[in-house]
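# Architecture at a glance
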Amino acid sequence: MGTTIGEVSRAESCIVADTKWTIVRMIPESSFVSPSTKQPLTKTPDGSALLGGPGERYPLIEGIPQLLVHSGQAQASGESQAYYRDRASEYDRGIEALFAMLLANEEQTRGEMFAELEVRPDSRVLEIGCGTCRDTIHLLDMPIDVFAGDLSLEMLLTGRDRLRRAGKDTSRLRLFCADVMHLPFADGFFDAVYHFGGLNLFPDHRKALEEITRVVKPNGRVVVGDEGIAPWLANSQFANILQNSNPLFRHRAPLDCLPVAARQVACRWILSGSFYLISFVKGEGEPRLDLDVEFPGRRGGSHRTRYFGKLEGVSPELRGRVLDAAAAEGLSVTAWLEKTLGRATRNVARDGAGD
Ligand SMILES: C[S@@+](CC[C@H](N)C(=O)[O-])C[C@H]1O[C@@H](n2cnc3c(N)ncnc32)[C@H](O)[C@@H]1O
């Protein structure tokens, strides 16, 4: 029988880890920017910290940059930080139990989730809220650059141990500590962003999704998911049982919190309908419309005239006469008003307003 990962001695695993970790540092620190000002960071000569503007110093702890802002918003995420700090060691057992209870194969499920990222070779992918790297370990099997970040250093350290024990090639991985509300990356830095499992407890869903979308390139993909019973199962015993043990299953897919720039939005429910998974492509601003297509029919006009060309109201009697006059001339109401009011205003301009 071969040596199992669990039997690798501490010394052996450290040698593997150190070799890998030297390579990890090949993804440069210059990839990061200040989480508050978004200005570039520089490394201190001794390599112990990254420096931003005045008073901005982000230490590296065990080689992992701590890119957390010290503001009120960071405080809002503080509760999550404390929660996961205390539970990092038992987290993995909880996840294994969860997948077992849901009769699901974890590796297969996770593979199906991040397949929605549609990454290409050499894509640069952000995984935020990576926890103990249960997705990261599979993302590393693809020929892509992975930035895996979490609010909790303890979760990241547990995750790094997992990668080391598995002997993963981490040359294209960069771990970092950051808050999803203040990501330490320039706009459009990533081809795709992935998050699973923490969204329900992010302090502000709308702002978190906005920040995630900010760091994706135009046309890049975002995939996010968390606990949330599918609407058609809301009153099932399945839902009641899950919610009885974990109130997080009461959450609903936060589709109303997606940014207006979201395009090709898809939401599906995975793990027997107990978790939502939302994916979308980053567009630009609001969806576009052709405002000048004419509506057929009696009222006529276009979105431009109906929305941007509104005038004050008139008496119901005059309105009736306008409708009759338009019908008598075989014109839509809009076309009749354009013609008649256009003529009237030209006459006023020609003859003088007071005449
Ligand atoms: C339930 S775990 C999911 C971990 C991992 N994605 C998985 O699927 O196993 C949620 C993770 O989100 C992280 N998290 C919570 N709030 C966060 C925030 N504001 N910014 C970044 N990460 C956060 C937690 O520290 C935790 O590791």
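By the naming in an unreviewed UniProt entry, the chain goes by Methyltransferase type 11 and is assigned to Mesorhizobium hawassense.

### Quick look at the environment of Pro184
Topologically, Pro184 is positioned in the loop between strand 7 (173–177) and strand 8 (190–196). Classification of Pro184 as buried rests on a relative accessible area of 0%. On a C-alpha basis, the gap between Pro184 and Gln39 in space is 9.2 Å, while along the polypeptide they are 145 residues apart.

### As for helix 5 (residues 153–165)
An ideal rise of 1.5 Å per residue puts 18 Å on 13 residues; helix 5 measures up with 18 Å between its terminal C-alpha atoms. Taking the backbone nitrogen of Glu154 as reference, a side-chain oxygen 3.3 Å away marks Ser152 as the first, capping residue of helix 5. Among the residues trailing helix 5, Gly167 stands out with phi positive, at a value near 65 degrees.

### Some remarks on the packing of aromatic side chains
Here the structure, examined in full by the defined rule, presents 15 aromatic pairs. Relative to Phe190, the ring of Phe189 has its centre 5.0 Å away and its plane inclined at 90 degrees; by these criteria the two rings are edge-to-face. Through successive ring pairs, a cluster of aromatic residues spans Phe32, Phe147, Phe176, Phe185, Phe189 and Phe190. Note that Arg124 overlies the ring of Phe189, its terminal NZ or CZ placed 3.8 Å from the centroid. One cation-aromatic arrangement involves Arg306 over Phe295; the distance from NZ or CZ to the ring centre is 3.9 Å.

### So, the confidence of the model for the chain
Per-residue confidence for the chain gives a mean pLDDT of 89; residues scoring 70 or more make up 89%. Contacts for the low-pLDDT stretch residues 1–25, under 50 throughout, to residues beyond four places or in other chains number 23 contacts.

### Describing the site of the ligand
Taken together, 21 residues surround the ligand, and among them Tyr91, Arg110, Gly129, Asp150 and Phe196 come closest. Measuring from an oxygen atom of the ligand, one finds a side-chain N or O atom of Arg110 at 2.8 Å. Backbone polar atom of Gly129 to a nitrogen atom of the ligand: 2.8 Å apart, as the coordinates give it. For the ligand, whose accessible area on its own is 590 Å², the fraction buried by protein is 97%. At 4 residues, the largest contribution of residues to the shell around the ligand is made by helix 2 (residues 72–101). Split by residue class, the shell around the ligand holds 9 nonpolar, 7 polar and 5 charged.

### Here's the deal with the environment of Arg172
As for its position among the elements, Arg172 is in the loop between helix 5 and strand 7. Residues Arg172 and Val146 lie 26 residues apart in sequence; the distance between their C-alpha atoms is 6.2 Å. One polar contact links the side chain of Arg172 to the main-chain carbonyl oxygen of Pro143, over a distance of 3.4 Å.

### Considering the nonpolar core
Ranked by internal contacts, the top residues of the largest apolar core, which has 37 residues, are Leu117, Val146, Leu173, Leu175, Tyr194, Ile270 and Phe275. Setting aside anything within four residues of it in sequence, one finds Val146 in contact with Val125, Thr136, Leu139, Leu140, Arg172, Leu173 and Arg174. The next biggest cluster of nonpolar side chains, apart from the first, holds 34 residues, and it includes Val180, Leu199, Val224 and Ile278.

### Concerning a nonpolar patch on the surface
A contiguous nonpolar surface patch, about 280 Å² in accessible area, is contributed by Leu311, Leu337 and Leu341. Among the secondary structure elements, Leu311 is positioned in the loop between helix 8 (303–308) and helix 9 (316–328). For Leu311, a relative accessible area of 70% puts it in the exposed group.

### Overview of the pattern of salt bridges
Where charged atoms from two side chains of opposite charge approach closely, those side chains can pair. If you walk through the whole model with that rule in mind, you get 19 salt bridges. Of the charged contacts, one joins Arg160 and Glu62 as a salt bridge, the two residues approaching to 3.3 Å between their closest N and O atoms. Of this pair, Arg160 sits in helix 5 while Glu62 is found in the loop between strand 3 (57–61) and strand 4 (64–65), placing the two residues 98 residues apart along the sequence. Looking at Arg160, the relative accessible area reads 6%, which means it is buried. A salt bridge links Asp351 to Arg350; its shortest N-O distance comes to 3.0 Å. One connected set of salt bridges, linked through shared partners, spans Asp92, Glu96, Glu106, Arg110, Arg134, Asp135 and Arg162.

### Remarks on the sheet that holds strand 2 (residues 49–51)
The sheet built from 4 strands is open, its strands ordered 1-2-3-4 with antiparallel pairing. The open sheet is flanked by strand 1 (42–43) and strand 4, the only strands paired with a single partner.

### Digging into the pairing of strand 10 (residues 262–270)
As paired elements, strand 10 and strand 11 (residues 275–282) share 7 bridges and run antiparallel to each other. Bridged to Cys267 within strand 11 is Ile278. Hairpin connection of strand 10 to strand 11: 4 residues between the antiparallel strands, including Leu271 at a positive phi of 50 degrees.

### A look at helix 7 (residues 237–245)
Of the residues making up helix 7, those classed as buried are Ala239, Leu242 and Gln243. Considered in projection along helix 7, the buried side chains sweep an arc of 95 degrees and stay on one side of the axis. Away from its buried face, by an angle of more than 90 degrees, helix 7 presents the exposed residues Gln237, Ile241, Asn244 and Ser245.

### Considering the sheet that holds strand 5 (residues 124–128)
Spatial strand order, 7-6-5-8-9-11-10: 7 strands in an open sheet with mixed pairing. Looking at which strands have only one partner, the edges of the open sheet turn out to be strand 7 and strand 10. Strand-to-strand, the axes of this sheet are offset by a mean angle of 15 degrees, without reference to chain direction. Sheet topology places strand 8 next to strand 9 (residues 216–227); 6 bridges connect them, and they run parallel.

Definitions and cut-offs
Residues numbered from 1 in each chain as written. Predicted model: local features only at pLDDT ≥ 70, side-chain atom pairs only at ≥ 80, totals over all residues. Heavy atoms only, no water. Helix = DSSP H or I, 4+ residues; strand = E, 2+ residues; numbered from the N terminus. Buried < 20%, exposed > 50% of the residue type's maximum accessible area, 1.4 Å probe, protein only. Expected span 1.5 Å × (residues − 1). Polar contact = N/O pair within 3.5 Å; in protein donor to acceptor, adjacent residues only side chain to side chain. Phe/Tyr/Trp six-rings, centres within 6.5 Å; stacked < 30°, edge-to-face > 60°. Lys NZ or Arg CZ within 6 Å of the ring centre and 35° of its normal. pLDDT = per-residue confidence, 0-100. Contact = heavy atoms within 4.5 Å. Near = heavy atom within 4 Å. Areas by Shrake-Rupley, 256 points an atom, 1.4 Å probe, with all protein chains shown as cover. Nonpolar A, V, L, I, M, F, W, Y, C, P; charged D, E, K, R; others polar. Core = buried A, V, L, I, M, F, W, Y, C linked by side-chain atoms within 4.5 Å. Patch = residues over 30% accessible without salt bridge, like charges linked within 9 Å, V, L, I, M, F, W, Y side chains within 5 Å. Salt bridge = Lys/Arg side-chain N within 4 Å of Asp/Glu carboxyl O. Pairing = 2+ DSSP bridges. Arc of directions from axis to C-beta. Axes fitted to C-alpha atoms, helices over the stretch in contact; angles between N-to-C directions.

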